[in-house]
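Observations on chain architecture
For reference, the chains in residue letters:
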Amino acid sequence: MSGRREGASSATDPEAGNPPIRRLDGWDADALSDLAATYDTPLYVLDLDRVRENHRRLEAAFPDAEISYAAKANALGDVLETLLDAGAGIECASAGELERALAAGAAGSEVHYTAVNPPAADLDYAVEAADEHPGLTIVAGARDTIDRLAERGYDGRLGLRVNPGIGAGHHEKVRTGSDAKFGVPADRAVDVLADAADRGFDVVGIHAHVGSGVSGDALESHRKFVARVGDLARDAVATVGELEFVDVGGGFGVPYREDEQPLDLESVAEATRDALGEVDAQLAIEPGRYFVADAGVLLTRVNTVKEAPETAVVGVDAGMTTLIRPAMYDAYHPIRNLTADATADERETIPQTVAGPICESGDVFCADRELPASERGDTLAIGNTGAYGYEMASNYNSRPRPASVVLEGDDVRLSRRRETVADVTRPERTARETVEDKPERGE
Ligand code: LLP
């Protein structure tokens, strides 16, 4: 059993090609329904072969670049292992992601830790990890972070995150390139780099990230962004001598809407090469979404169908705690009724609002969308959920997080079990136990 496309779009089948986007329609409805029946819902399904295909397209477009995967998009161990095995590095945003990358077998030289206002425990962990795993690079986004690294006795490999003053992305909440929170302002970057080099740090690169979900329409912003990074890189090389890498971050968008066209990676790569052509340093990129978004679907089951005067409300067992992107960014995700598809039912298509079980009006996956009339017990698939799906799941309303299965060749396996309510309440229960173990005050 496999949830992959009928006729196989597998990486192991050279005939199948490697299309720039895998649409929700391309998944095998019967196989996905079987997965829902076997593992229950809500269920994240991730096709590791598709993750490899996405990596191969990036390699083809950026043959000279060092390619890393931004683990924040989906930090499942199976994904990290798959991409390390394919030759990618891992970009980590926290001690937890660092721990996962190292546990997946990453060598120090394959890991970048990008520190955004890093909590002390994260810096402690990163400094220790860099000591134990030579080659690990810490990317700081503030002079203050460099001071805190120095206080910990660190003077190893250092990258500087620069704020280029240009942002782009699918929503204002993800346009980091122009947000003061991220990186050292461009006009101060060279001073900060020179200062770090004077203090004995091994200054190895500069880094900038424009934002997330940048579409083909925003190619002009990308051009401006990489041009700015190119100027900075030239100034930096002139000041501190050699740089190993210039990292232009991630952000490559994928089409979520059925009629949206995929990003022309070649044009993005060409614009990047044009801007950085004469910089004597390795180009580095670190996309997250592009690797995993279309490799994943979320399966959910209809539990309530209600006719309201304005719309038909379809209640499902996944909610904003399972997939928050629609609630948080008004993000569009394609939705398919697998039961209606699999049984070739002649169902009427009517406008429906697919809503979760959370007590918030924002807990909807779509409003008034034309879909085959849902019935209680139907299985729905929500597409393009491999990136920032499970990773952003929460326990709000004391809801356990869902299970994840991965597909690889003909293999289907549970990659992460479903949480139970006992998992959710455990920190509270164990806190009480710890308190009970403590001596009475005054003893
Ligand atoms: N590098 C850095 C430093 C980043 O902050 C990010 C994403 C990436 C790389 C990867 O960006 P990507 O290629 O995945 O666009 N939760 C939001 C996206 C937040 C992205 C945060 N940073 C969403 O669901 O759209």
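Reading guide: rules and limits
Residues numbered from 1 in each chain as written. Predicted model: local features only at pLDDT ≥ 70, side-chain atom pairs only at ≥ 80, totals over all residues. Heavy atoms only, no water. UniProt positions renumbered as here; feature names shortened; annotations may be inferred. Core = buried A, V, L, I, M, F, W, Y, C linked by side-chain atoms within 4.5 Å. Buried < 20%, exposed > 50% of the residue type's maximum accessible area, 1.4 Å probe, protein only. Contact = heavy atoms within 4.5 Å. Domains from an automatic or database assignment. Buried area = accessible area lost by both parts, 1.4 Å probe. Helix = DSSP H or I, 4+ residues; strand = E, 2+ residues; numbered from the N terminus. Near = heavy atom within 4 Å. Polar contact = N/O pair within 3.5 Å; in protein donor to acceptor, adjacent residues only side chain to side chain. Areas by Shrake-Rupley, 256 points an atom, 1.4 Å probe, with all protein chains shown as cover. 1 Å grid on protein atoms, 1.4 Å probe; cavity = no way out; pocket = protein on both sides within 12 Å on 5 of 7 lines; lining within 4 Å. Sits in = over half its atoms within 2 Å of the grid points. Nonpolar A, V, L, I, M, F, W, Y, C, P; charged D, E, K, R; others polar. Pairing = 2+ DSSP bridges. Axes fitted to C-alpha atoms, helices over the stretch in contact; angles between N-to-C directions. Parallel < 35°, antiparallel > 145°, perpendicular 65-115°, else oblique. Patch = residues over 30% accessible without salt bridge, like charges linked within 9 Å, V, L, I, M, F, W, Y side chains within 5 Å. Salt bridge = Lys/Arg side-chain N within 4 Å of Asp/Glu carboxyl O. Lys, Arg positive; Asp, Glu negative; His and termini not counted. Charge placed at Lys NZ, Arg CZ, Asp CG, Glu CD.

An unreviewed UniProt entry annotates the protein as Diaminopimelate decarboxylase originating from Natribaculum luteum. UniProt, in the comment section headed Cofactor (unreviewed entry), describes the protein in these words: "pyridoxal 5'-phosphate". One UniProt comment on the protein, placed under Pathway (unreviewed entry), says "Amino-acid biosynthesis; L-lysine biosynthesis via DAP pathway; L-lysine from DL-2,6-diaminopimelate: step 1/1."

This part covers the nonpolar core. Among soluble globular proteins, nonpolar side chains are generally buried collectively. Judged by nonpolar contacts, the single largest core of 86 residues is most densely connected at Phe 62, Tyr 69, Ile 206 and Phe 252. Apart from residues no more than four positions distant in its own chain, Tyr 69 is found in contact with Asn 74, Val 79, Leu 80, Leu 83, Gly 89, Ile 90, Glu 91, Pro 287, Gly 288, Phe 291 and Val 292.

Let's shift gears to the domain arrangement of the protein. The accessible area lost on association of the parts is a frequent measure of interface size. Here the domain parsing of the protein yields domain 1 (10-45 + 293-423) and domain 2 (107-287). Its C-alpha centre places domain 1 at a distance of 34 Å from the equivalent point of domain 2. In this assembly, 12 residues from domain 1 lie in contact with 12 residues from domain 2. For the pair domain 1 and domain 2, the summed buried area comes to about 1,200 Å², and 55% of that belongs to carbon and sulfur atoms.

Attention now moves to the environment of Val 174. On the secondary structure map, Val 174 appears in the loop between strand 6 (157-163) and strand 7 (184-185). When its relative accessible area of 12% is taken as the criterion, Val 174 is described as buried. Sequence separation of Val 174 and Val 214 is 40 residues, and the distance between their C-alpha atoms is 9.8 Å. Among all residues touching Val 174, those that are not within four sequence positions of it are Ala 168, Gly 169, Gly 211, Ser 212 and Tyr 329.

The linkage connecting Thr 41 with the following residue, Pro 42, adopts the cis geometry, with an omega of -10°. One non-glycine residue, Asn 384, lies in positive phi territory at about 55°. Its location among the elements puts Asn 384 in the loop between strand 16 (379-383) and strand 17 (403-408). Owing to a relative accessible area of 6%, Asn 384 belongs among the buried residues under this scheme.

Among the 20 residues in the neighbourhood of the ligand, the closest are listed as His 170, Ser 212, Glu 286, Arg 325 and Tyr 388. Residue Gly 288 places a main-chain N or O atom 2.8 Å away from an oxygen atom belonging to the ligand. Note that an oxygen atom of the ligand is positioned 2.6 Å from one of the side-chain N or O atoms of Tyr 388. Its free accessible area being 580 Å², the ligand has 92% of it covered by the protein chains. If you map the ligand onto the pockets, it falls in the largest pocket. Here the residues of the shell around the ligand are counted per class, giving six nonpolar, eight polar and six charged. Both of domain 1 (10-45 + 293-423) and domain 2 (107-287) provide at least three residues apiece to the shell around the ligand.

Our next topic: the pairing of strand 11 (residues 296-307). Inspection of the sheet shows strand 1 (residues 43-47) paired to strand 11 by four bridges, in the antiparallel sense. When the bridges of strand 11 are listed, Leu 43 appears paired with Leu 299. Sheet topology places strand 11 next to strand 12 (residues 312-316); five bridges connect them, and they run antiparallel. Considered in strand 12, the bridge of Lys 306 is made with Val 313. Hairpin connection from strand 11 to strand 12: four residues lie between these consecutive antiparallel strands.

Before going further, it helps to examine the packing of helix 4 (residues 95-103) against helix 5 (residues 120-132). Viewed as axis vectors pointing N to C, helix 4 and helix 5 meet at an angle of 30°, and their least axial separation amounts to 9 Å. What the angle tells us is that helix 4 and helix 5 run roughly parallel. In contact with Ala 95, Leu 98, Glu 99 and Leu 102 of helix 4, helix 5 contributes Asp 122, Tyr 125, Ala 126 and Ala 129. Partitioned by chemical class, the residues of the contact of helix 4 with helix 5 number six nonpolar, no polar and two charged.

Attention shifts here to a negative patch on the surface. A cluster of acidic residues, Asp 264, Glu 266, Glu 270 and Asp 274, forms a negative patch on the protein surface. In this fold, Asp 274 is placed in helix 9 (residues 265-276). What makes Asp 274 exposed here is its relative accessible area of 57%.

A word on the UniProt feature "domain: Orn/DAP/Arg decarboxylase 2 N-terminal" (unreviewed entry) in the protein. Sequence positions flagged by UniProt for "domain: Orn/DAP/Arg decarboxylase 2 N-terminal" (unreviewed entry) are, in local numbering, residues 49-293. Its end C-alpha atoms 13 Å apart, residues 49-293 is made of 43% helix and 16% strand.

Before going further, it helps to spend a moment on the UniProt feature "modified residue: N6-(pyridoxal phosphate)lysine" (unreviewed entry) in the protein. The sites that UniProt annotates as "modified residue: N6-(pyridoxal phosphate)lysine" (unreviewed entry) are Lys 72. Note on placement: Lys 72 falls in the loop between strand 2 (66-70) and helix 3 (77-86). Given a relative accessible area of 31%, Lys 72 falls into the partly exposed group. Those residues in contact with Lys 72, other than ones at most four positions away along the chain, are Glu 91, Ala 93, Glu 97, Tyr 388 and Glu 391.

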